[in-house]
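Fold and geometry: a report
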Amino acid sequence: MKKISLLIQTTIMCSIFFTISAFSQETNLRIPIEKNTKSRTNEASLVLLQIKGDFFYEDLNDSWTDSSFYALLDRQIEDGFGYMEYWDTDKTVQYLYDTYATTDEKRDKYDNLIGEEEKTAQVIETKPLDVFKVVKSLWRPLRRLGFTGTKLKGNPKAINNACFICVPNMAEVQKGFIITNPRNNAPYVALCNPFQILKNHVTLALIEHKKQGMPTERAKFILNLVKKLDKFRFGFNSLSAGASIREHAHFHGADEALPIEHIAQEEIYKDSSFILSQLDKNIWPNAVYVAEGSEEKITEFIMHMINSLDKNFASEEEKAFNILFTRSDQGDLKAYFIPRRKETPGGFKGMFGFCEMCGLSLCERTKDYRNIKEESLRKALLECGRYPNDSALIEIIEDFVALQTESANSNNPTINVIPKNKADI
Ligand SMILES: [Zn+2]
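Scoring rules and cut-offs
Residues numbered from 1 in each chain as written. Predicted model: local features only at pLDDT ≥ 70, side-chain atom pairs only at ≥ 80, totals over all residues. Helix = DSSP H or I, 4+ residues; strand = E, 2+ residues; numbered from the N terminus. Buried ≥ 20, exposed ≤ 12 C-beta atoms within 10 Å, placed from the backbone. Contact = placed C-beta atoms within 7 Å. Core = buried A, V, L, I, M, F, W, Y, C linked by C-beta atoms within 7 Å. pLDDT = per-residue confidence, 0-100. Pairing = 2+ DSSP bridges. Axes fitted to C-alpha atoms, helices over the stretch in contact; angles between N-to-C directions. Expected span 1.5 Å × (residues − 1). Arc of directions from axis to C-beta. Parallel < 35°, antiparallel > 145°, perpendicular 65-115°, else oblique. Left-handed = near helix turned anticlockwise from the far one by under 90°.

Observations regarding the overall build of the chain
From N to C terminus, the chain includes ten helices and 15 strands. Split into buried and exposed, the 425 residues of the chain put 39% on the buried side. The long-range fraction of contacts in the chain, counting pairs at least 24 apart against all pairs at least 6 apart in sequence, stands at 69%.

Here we look at the nonpolar core
Among soluble globular proteins, nonpolar side chains are generally buried collectively. Core analysis: the largest hydrophobic core is formed by 88 residues, its most contacted members being Y336 and F337. Leaving out residues up to four positions away in the same chain, Y336 has contacts with I260, V288, V290, I323, L324 and C358. In terms of nonpolar packing, the next biggest core, distinct from the first, is built from ten residues, A101, V123, L138 and L142 among them.

As for the confidence of the model for the chain
Looking at the chain as a whole, the pLDDT averages 83, with 81% of positions reaching at least 70. For residues 1-29, every residue scores under 50 in pLDDT, and the model assigns this stretch 44 contacts once sequence neighbours within four places are set aside. Confidence drops under a pLDDT of 50 for residues 37-50, and excluding neighbours within four residues, the segment shows 21 contacts in the predicted structure.

Comments concerning the sheet that holds strand β11 (residues 274-279)
In a beta sheet, neighbouring strands are held together by backbone hydrogen bonds and run either parallel or antiparallel to one another. An order of β5-β6-β7-β9-β8-β13-β14-β12-β11-β10 is seen for the ten strands of this open sheet, with the pairing classed as antiparallel. Looking at strand neighbours, the two that pair on one side only are β5 (176-180) and β10 (265-271), the edges of this open sheet. Averaged over all pairs of adjacent strands, the angle between their axes in this sheet comes to 20 degrees, without regard to strand direction. Alignment of strand β8 (residues 233-237) against strand β9 (residues 250-254), held across three bridges, turns out to be antiparallel. The partner of G235 across the bridge, within β9, is H252. On top of the sheet, helix α5 (residues 216-228) reaches β5, β8, β9, β13 (321-327) and β14 (333-339); it is set at about 30 degrees to β13, its chief contact. Against the sheet, helix α6 (residues 295-312) touches β11, β12 (289-293), β13 and β14, its axis set at about 10 degrees to β14.

Regarding helix α2 (residues 66-78)
Its 13 residues place the ends of α2 19 Å apart at the C-alpha level, agreeing with the 18 Å of an ideal helix rising 1.5 Å per residue. Along α2, the residues classified as buried are F69, L72, L73 and Q76. Around the axis of α2, the buried residues are gathered within 90 degrees of arc, so they sit on the same side. At its buried positions, α2 is contacted by β5, β6 (187-192), β7 (202-206) and β9. G80 sits one or two positions beyond α2 and adopts a positive phi of about 95 degrees.

Some thoughts on the environment of F177
By the secondary structure assignment, F177 is in strand β5. For F177, a count of 22 C-beta atoms within 10 Å puts it in the buried group. As for F177 and L60, which are separated by 117 residues in sequence, their C-alpha atoms are 5.9 Å apart. With residues up to four places along the chain from it excluded, the contact list for F177 reads F56, Y57, L60, N61, S68, L72 and A190.

Looking at the sheet that holds strand β15 (residues 360-363)
The strand order across the open sheet formed by three strands is β3-β4-β15, and the pairing between neighbours is mixed. The open sheet has two edge strands, β3 (124-129) and β15, and neither has a second partner. Across the sheet, the mean angle separating the axes of adjacent strands is 20 degrees when strand polarity is ignored.

Thoughts on the packing of α5 against α6
Taken N-terminus to C-terminus, the directions of α5 and α6 make an angle of 140 degrees; their axes are 10 Å apart at the nearest point. Viewed along their axes, α5 and α6 adopt a mutual orientation that is oblique. Two packed elements cross with a definite hand, and for α5 against α6 that hand is right-handed. On the side of α5, the interface is formed by T216, A219, K220, L223, N224 and K227, while α6 contributes E295, I298, T299, I302 and M303.

Description of α5
Under the 1.5 Å per step criterion, the end-to-end length of α5 is 19 Å for 13 residues, consistent within 8% with the ideal 18 Å. R218, A219, K220, F221, I222, L223, L225 and V226 are the residues of α5 that are buried. The inward-facing, buried residues of α5 contact β5, β8, β9, α6, β13 and β14.

Structural notes on unusual backbone geometry
Non-glycine residue N160 carries a positive phi angle of around 50 degrees. As for its position among the elements, N160 is in the loop between β4 (132-137) and β5. Residue classification places N160 among the partly exposed residues on the basis of 13 C-beta atoms within 10 Å. Phi angles above zero are rare outside glycine, and A162 is one such case at about 55 degrees.

Notes on the environment of K231
With respect to the element layout, K231 can be found in the loop between α5 and β8. Between the alpha carbons of K231 and T65 there is a distance of 9.2 Å; along the sequence they are 166 residues apart.

Here we look at the environment of L279
The topology assignment puts L279 in strand β11. For L279 and Q265, which are 14 residues apart along the polypeptide, the C-alpha to C-alpha distance reads 4.4 Å. Beyond its immediate stretch of four places on either side in the chain, L279 contacts I263, Q265, W284, V288 and V290.

Okay, structure coming up:
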């Protein structure tokens, strides 16, 4: 069970392997780059990517099921990438020392990361905090103990600045499977996240190294995928909203419902295929809009929000947003759109991404976990998000409702449209 040392050894061996044989033994695959479906430059847009021939669990490719994500996680744990005992609440830090910090050098490093008071602490703990949830994970400092599983660090053959979600940069131990966007043939790769924040945490990255962002085709793709799944939902962090890898488009997936999904909603607009709501302002501190219904309408709403933020605000932080793509209890598609204005709140060390903005906070120290207060989380969400009564947001929502009302009335004059007045939004 000495997985870390095995991983490090494997990584060193992989680096040697890559230095010597580099990509010469790889299969060259022609992969279409992500493009707008309206584009007619199919041939010109083909890009040559060098992919390790044995990287993919080929039997899982394009299966579009929850079970393919579970199979990915199971196989990666079996292969030594990821940890089966990650969520075991009976493990203490001593177990991590015994299992992973096996040399004096690693023990010294780990001592610095963990702190004396943590040695007898439980590795994983979770607790509710009013409407929020707090997770303590002492696995995460282990990441800094020399875990280099995915990077070809310092290797001249590494591409895109050694980006660790670029497939050609990944170590032998890491594998994934492909899901192709049928609308534009852009392939994504599903990967196991070995240091989970959410249960059964996976990363879904565009194969092509292309900047994080949410063009229409990506929104439609992820909605299409979520519609086909029962358990996994996906979160998105825009630039300046917790995106840890800014230069490579990706989503985070997990099979765990986030606190925000249990919050009551106030309806703003409804027609036969779409409902737009806002989270109850008396319960949730910051503005969160909930779009439910058809994939087309949800995409239209998301694009309206992104384009309007872009038009109305100057800084990257003010244009930032998070989205949680999930399903209602009835199985209908649902997207939570969270406008942002700050990435890291005062008093917190880390950036707030969609997890935190959806009500789940992570602590890497037992004392932080014990001391975290509901009021400080409310304050942080309000600081990072936008006020529910933000006048610019109200105008953006009113514009969207006006467009919908216009189009609903022209299509079907008897339809029941419920736009709320400004004070109610
Ligand atoms: Zn990349």
